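Okay, here's what each chain looks like letter by letter:
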Amino acid sequence: MPLVSMRQLLDEAAKGGYGVGAFNVNDMEQIQAIMMAARQTKSPVIVQASRGARAFAEDLYLFRLIQAAAELNPDIPIAMHQDHGNSFETCKSAIELGYTSVMMDGSLREDGKTPSTFEENVEVTRRVVEYAHPRGVTVEGEIGVLGGVEDGHGAGGSGLEHVTDPDQAVAFAERTGVDALAIAIGTSHGAYKFSKKPDGSVLKMDILIAIHKRLPRTHLVMHGSSSVPKELQDIVNQYGGKLKPTWGVPIEEIQLGIRNGVRKINVDTDNRLAITGAIRKVFAETPEKFDPRDYLKPAREAMAKVVAERMTEFGQAGHAGDYKPIPISEIAKGYANGTLTTQPLVAAK
Ligand SMILES: [Zn+2]
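Residues numbered from 1 in each chain as written. Predicted model: local features only at pLDDT ≥ 70, side-chain atom pairs only at ≥ 80, totals over all residues. Heavy atoms only, no water.

A. Fine view of the packing of aromatic side chains. On inspection of all chains with the given rule, the structure shows 4 aromatic pairs. Ring geometry for Phe88 against Tyr131: centres 5.5 Å apart, planes inclined by 80°, an arrangement best described as edge-to-face. In this pair, Phe88 sits in helix H5 (residues 88-97) while Tyr131 sits in helix H6 (residues 118-132), placing the two residues 43 residues apart along the sequence. The pair formed by Phe88 and Tyr131 is uniform in burial state, with each residue classed as buried. If you follow Arg54 out to its NZ or CZ, it ends over the ring of Tyr99, 5.5 Å from the centre. (Phe/Tyr/Trp six-rings, centres within 6.5 Å; stacked < 30°, edge-to-face > 60°. Helix = DSSP H or I, 4+ residues; strand = E, 2+ residues; numbered from the N terminus. Buried < 20%, exposed > 50% of the residue type's maximum accessible area, 1.4 Å probe, protein only. Lys NZ or Arg CZ within 6 Å of the ring centre and 35° of its normal.)

B. Inspection of the environment of Val124 at higher detail. By secondary structure assignment, the location of Val124 is in helix H6. The spatial distance from the C-alpha of Val124 to the C-alpha of Ala182 is 15 Å, given a sequence separation of 58 residues. Those residues in contact with Val124, other than ones at most four positions away along the chain, are Phe88, Met104 and Gly106. (Contact = heavy atoms within 4.5 Å.)

C. Quick look at the sheet that holds strand S7 (residues 219-222). Around the barrel, 8 strands lie side by side as S1-S2-S3-S4-S5-S6-S7-S8; this closed barrel has parallel pairing. In this sheet, neighbouring strand axes are inclined to one another by 25° on average, regardless of whether the strands run parallel or antiparallel. Each of strand S6 (180-183), S7 and strand S8 (262-267) touches helix H8 (residues 205-214); the most contacted strand, S7, lies at about 160° to it. (Pairing = 2+ DSSP bridges. Axes fitted to C-alpha atoms, helices over the stretch in contact; angles between N-to-C directions.)

D. Highlighting the pattern of salt bridges. Evaluation of the coordinates by the stated rule reveals 20 salt bridges. As a salt-bridge pair, Glu309 and Arg310 come within 3.8 Å of each other at their nearest N and O atoms. We classify Arg310 as buried; its relative accessible area is 3%. Note that Glu330 is salt-bridged to Lys333, the shortest N-O span being 3.0 Å. With a gap of 3 residues between them, Glu330 and Lys333 both fall in helix H13 (residues 328-337), about one helical turn apart. Take Glu330: its relative accessible area is 37%, and that puts it in the partly exposed class. (Salt bridge = Lys/Arg side-chain N within 4 Å of Asp/Glu carboxyl O.)

E. Broad picture of the nonpolar core. The biggest cluster of nonpolar side chains holds 70 residues, and the ones touching the most others in it are Ile34, Met35, Val45, Ile78 and Leu181. At 7 residues, the largest contribution of residues to this core is made by helix H12 (residues 292-314). Tyr18, Ile46, Met103 and Val221 belong to the second-largest nonpolar core, a separate cluster that totals 15 residues. (Core = buried A, V, L, I, M, F, W, Y, C linked by side-chain atoms within 4.5 Å.)

F. Summary view of the packing of helix H2 (residues 28-41) against helix H4 (residues 60-72). At a minimum axis separation of 10 Å, H2 and H4 run at an interaxial angle of 25°. Viewed along their axes, H2 and H4 adopt a mutual orientation that is roughly parallel. In this structure, the crossing between H2 and H4 has a hand that is right-handed. Contacts between H2 and H4 involve Met28, Ile31 and Met35 from the former and Leu62, Leu65, Ile66 and Ala69 from the latter. Its residues assigned to classes, the contact of H2 with H4 comprises 7 nonpolar, no polar and no charged. (Parallel < 35°, antiparallel > 145°, perpendicular 65-115°, else oblique. Left-handed = near helix turned anticlockwise from the far one by under 90°. Nonpolar A, V, L, I, M, F, W, Y, C, P; charged D, E, K, R; others polar.)

G. Fine view of H4. Over its 13 residues, H4 extends 18 Å from the first C-alpha to the last, a length consistent with the 18 Å expected when each residue adds 1.5 Å. All buried positions along H4 are accounted for by Leu62, Phe63, Ile66, Ala69 and Ala70. Looking straight down H4, one finds its buried side chains confined to an arc of 110°; they lie on one side. Across H4 from its buried face, at more than 90 degrees, point the exposed residues Tyr61, Glu71 and Leu72. Tucked into the core, H4 has its buried residues touching H2, strand S2 (45-49), helix H3 (51-56), strand S3 (78-85) and H5. (Expected span 1.5 Å × (residues − 1). Arc of directions from axis to C-beta.)

Laid out in C-alpha cells, this is it:
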C-alpha cells in the first residue's frame, strides 16, 4: 500500500472514535518493530521522524525504509510524518522527499527554543498549509508551548508556562487551516515529565476538554505522551542503568483525551526505554556476545511489545482494514474543491 494521507487516517479515527499512536523512528529496527505491532494488532499507524532523526539517518535511508515498510505491509495504512518541523524549509524538504504529513511547530522560532508570537506562528503555519495542501500533504500545527527538550528541540520548563488558551486555539485553527492541532496541557518531552504521579494540577485535561468543546471537529494531538511505565525503568536500572524515578502520562488520561477529540498520540520515550532495557539485559547476562543481532533482535521485540500495547490502549487496533487509502493526488483535489474542509467547526462558548 502506498503511504497514506494522515488527514485520511485521522478522519477515519474520528469516525471510529479512537486514537492513533505516532511513533518516532531513527533506524530500521524501530520501523520493523512498529510494523510487527501493526500487523499483529491490525492497526493503521503514523510513523514520524524528527529533524534529528532525519539527520541521523541521512534522510534518504529513513525514507526508503518507510517505503519498504509500506511495500511489505500492503494491508496496513501508514502515514509518514515530519515531527516538529522548525521552519517552512524543513517542512518543504520533507514534502519533496515524499512524507504524507508535516508538523509545522511555529510555537517556537526557527532555533527550536524561543517561544514565538501568535502572529509569527499563524504566518509560518499558514505558509506551510498553502504549500502542503495542493500537494495532498497533511499539516499539524501547534498552539501553546510544550515543556521539556527532545532532540535539541523545545523551550524547556515544565510545560505549564504556556498552556494553550482555548480562544487562541480557535483563532489559530481558523486562520491557518491546519488538519491537526497540537495543544499544550502540561505535557513535556523526554523521560522526566513529572516527579510524582500527575494529577489535575499538572495535566490540564480540563483545558483539553474546553478546546474540544469549542473545536468539536478538529483533530487534537497530544505530544510527550509516553507513559514511562515503572517496569521499563526497572529493567534499564536492573542491568546497570541509572534512571531517576519519573512518571509519564497515565494511559487513562490519554483515553480521556481520546474521548475528547484527541486523534494522534506521540510516543517515543517508552520505546527508547524498551530498547535500552533489552540491550542492557543481553550485555549484562551474556557479556561474551558481540554480534549486533544478538541484542538488536530482543530490542526490536521489546519495542514491538510496547507499541502493540499502546495500539490496543489507543483503540486503533483492528481498524487497519476499515477503509481504502485515497491516493495523495485525490486528497489534493479534495482540499482544492472543499470536500476536505480546512475551516474548523466552531461552537459558541
Ligand atoms: Zn512533540
